[in-house]
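Structure at a glance
Chain by chain, the residues run as shown.
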Amino acid sequence: MIISWNTTQQCNINCIHCYRDAGAKQADELSTAEGKKLLSEIAKAGFKIMILSGGEPLLRPDIYELIAHAASVGLRPVLGTNGILFTEDVPARLKAAGLMCAGISLDSCDADRHDNFRGVRGAWQQTMAGIKACREAGLPFQIHTTVTTWNEQEVTAITDLAVELGAVAHHIFFLVPAGRGKDIEATTLKTSQYEELLNRIIDKQAVVPIEIKPTCAPQFMRIAKERGIPMRYTRGCLAGTSYCVILPNGDVQPCPYLPLKIGNVREKSFDVLWSDSEVFNKLRHEPLKGGCGSCGFDSLCGGCRARAYYYSDGDYLAEEPWCNRGNRK
């Protein structure tokens, strides 16, 4: 099982697609002591991979302490970052604290295109310097790319760049309209583009030595099965079943893009929220609606619950809109 904690709302760049609408630090973010308590409760609930993200998690002065605590309670801590603050001894300190891998955002092979998406001039160059620092420190890293209509044609080229840079994986995030991402909803990949790119990604996986994983694109599981290609994953959309997210203030949601408040870890232990939530239990056991409930791949794919929610005015069990199976748009 895998879980994310958006450790802070604070960020040093201004990405136009940011699902957290990150920028300034919030006054009610979890303290170090509350964060350690949360990490212990997450381990108690049976989670293994702990993603510490933001905002930009390196803007939390206690991030090394939190990583060390996560490792001490049996979690596998990883970081979601823009990589810009990986200067001097930062990667070595992260590795010493127990960080297992850094996920670094890179959205284009072209510096100007990446900078435009990330909202800061010079971001690409600083991120590349951060990648170099990780490599020199021996800290494993993977590349994270958010894909929209403007960069979908270069996604597999970014995979080649990731291999060249020494990354261990390339995770490709399909845009979901949340936070500032709602403002660029028109750039989401629709049915035919969505399907075509997933096929290209699966083809690319066969010829590169690193893992490629589509995220927020659960149909890749159905496509792989139809093509007879084995996958090491068990399900496409994990929201509420084997994944969830904690926001900077302690609110719990099924995923970063699905704005359903389950509860708050200041008010109730996370492990109790995970086991007792009505929303989580519906996501685990209720049948899906529309095409997602009739296509025959519901248990394997699950359809993106966040897109279902966004495009159906709040029904998180509705069908995923951008799929070519079932009664789709």
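Refer to the structure presented above.
So, a few notes on the structure that sits alongside this text. As the structure is a computational prediction, the values presented were derived from the model and not from experiment.

Turning to the pairing of strand 5 (residues 141-147), a few remarks are in order. With seven of its seven residues buried, strand 5 lies for the most part within the structure. As judged from the four bridges shared by strand 4 (residues 101-105) and strand 5, these two strands associate in the parallel manner. Note that in strand 5 the partner of Gly103 across the bridge is Gln142. Alignment of strand 5 against strand 6 (residues 169-174), held across five bridges, turns out to be parallel. Along strand 6, the bridge assignment pairs Thr146 with Phe173. Running through helix 6 (residues 155-165), the crossover from strand 5 to the neighbouring parallel element strand 6 is right-handed.

The peptide bond linking Gly54 to Gly55 adopts the cis configuration, its omega dihedral lying at 15 degrees. Secondary-structure assignment places Gly55 in the loop between strand 2 (49-53) and helix 2 (63-72). With phi around 50 degrees, Asp21 is a residue other than glycine that occupies positive phi space. Along the chain, Asp21 turns up in the loop between strand 1 (2-6) and helix 1 (32-44). For Asp21, a relative accessible area of 44% puts it in the partly exposed group. Despite not being glycine, Cys216 shows a phi value in the positive range, around 60 degrees. On the secondary structure map, Cys216 appears in the loop between strand 7 (211-215) and helix 8 (219-226).

On inspection of all chains with the given rule, the structure shows 21 salt bridges. The salt bridge involving Arg307 is made with Glu320; its shortest N-O contact spans 3.6 Å. A residue pair is termed long-range when its members are at least 10 positions apart, and Arg307 in helix 12 (residues 305-311) and Glu320 in the segment after helix 12 qualify at 13 residues. Residue Arg307 shares its accessibility class with Glu320, and that shared class is buried.

A word on the nonpolar core. Leu94, Phe174 and Phe270 are the most contacted members of the largest nonpolar core, which totals 90 residues. Contacts of Leu94, omitting those with residues within four sequence positions, involve Leu58, Tyr64, Ile67, Leu79, Phe86, Leu99 and Leu139. Counting residues in each nonpolar core, the second largest holds seven residues, with Cys11, Cys15, Ala22 and Ala123 among its members.

Every buried residue of helix 3 (residues 90-97) is listed here: Val90, Pro91, Leu94 and Ala97. Down the axis of helix 3, the sector holding all buried residues measures 125 degrees, keeping them to one side.

For Asp115, the position within the fold is in helix 4 (residues 111-118). Side-chain polar atoms of Asp115 contact the backbone nitrogen of Gly122, separated by 2.9 Å. Once you skip the residues sitting within four places of it in the chain, Asp115 turns out to touch Val120, Arg121, Gly122, Ala123 and Trp124.

As a further point, take the pairing of strand 1. For a regular strand, side-chain orientation follows a simple rule: the groups alternate between the two sheet faces. Within strand 1, four of the five residues are buried, which leaves it mostly tucked inside the rest of the structure. Both strand 1 and strand 2 contribute to a ladder of five bridges, which runs parallel. Within the sheet, the bridge partner assigned to Ile2 lies in strand 2 and is Ile49. The parallel pair strand 1 and strand 2 is bridged by helix 1, and the resulting crossover is right-handed. As paired strands, strand 1 and strand 8 (residues 243-246) are joined by four bridges and run parallel to one another. Across the sheet, Ile2 pairs through a bridge with Tyr243, a residue of strand 8.

About the criteria used
Residues numbered from 1 in each chain as written. Predicted model: local features only at pLDDT ≥ 70, side-chain atom pairs only at ≥ 80, totals over all residues. Heavy atoms only, no water. Buried < 20%, exposed > 50% of the residue type's maximum accessible area, 1.4 Å probe, protein only. Helix = DSSP H or I, 4+ residues; strand = E, 2+ residues; numbered from the N terminus. Pairing = 2+ DSSP bridges. Right-handed = clockwise from strand over helix to strand, strands pointing away. Salt bridge = Lys/Arg side-chain N within 4 Å of Asp/Glu carboxyl O. Core = buried A, V, L, I, M, F, W, Y, C linked by side-chain atoms within 4.5 Å. Contact = heavy atoms within 4.5 Å. Arc of directions from axis to C-beta. Polar contact = N/O pair within 3.5 Å; in protein donor to acceptor, adjacent residues only side chain to side chain.

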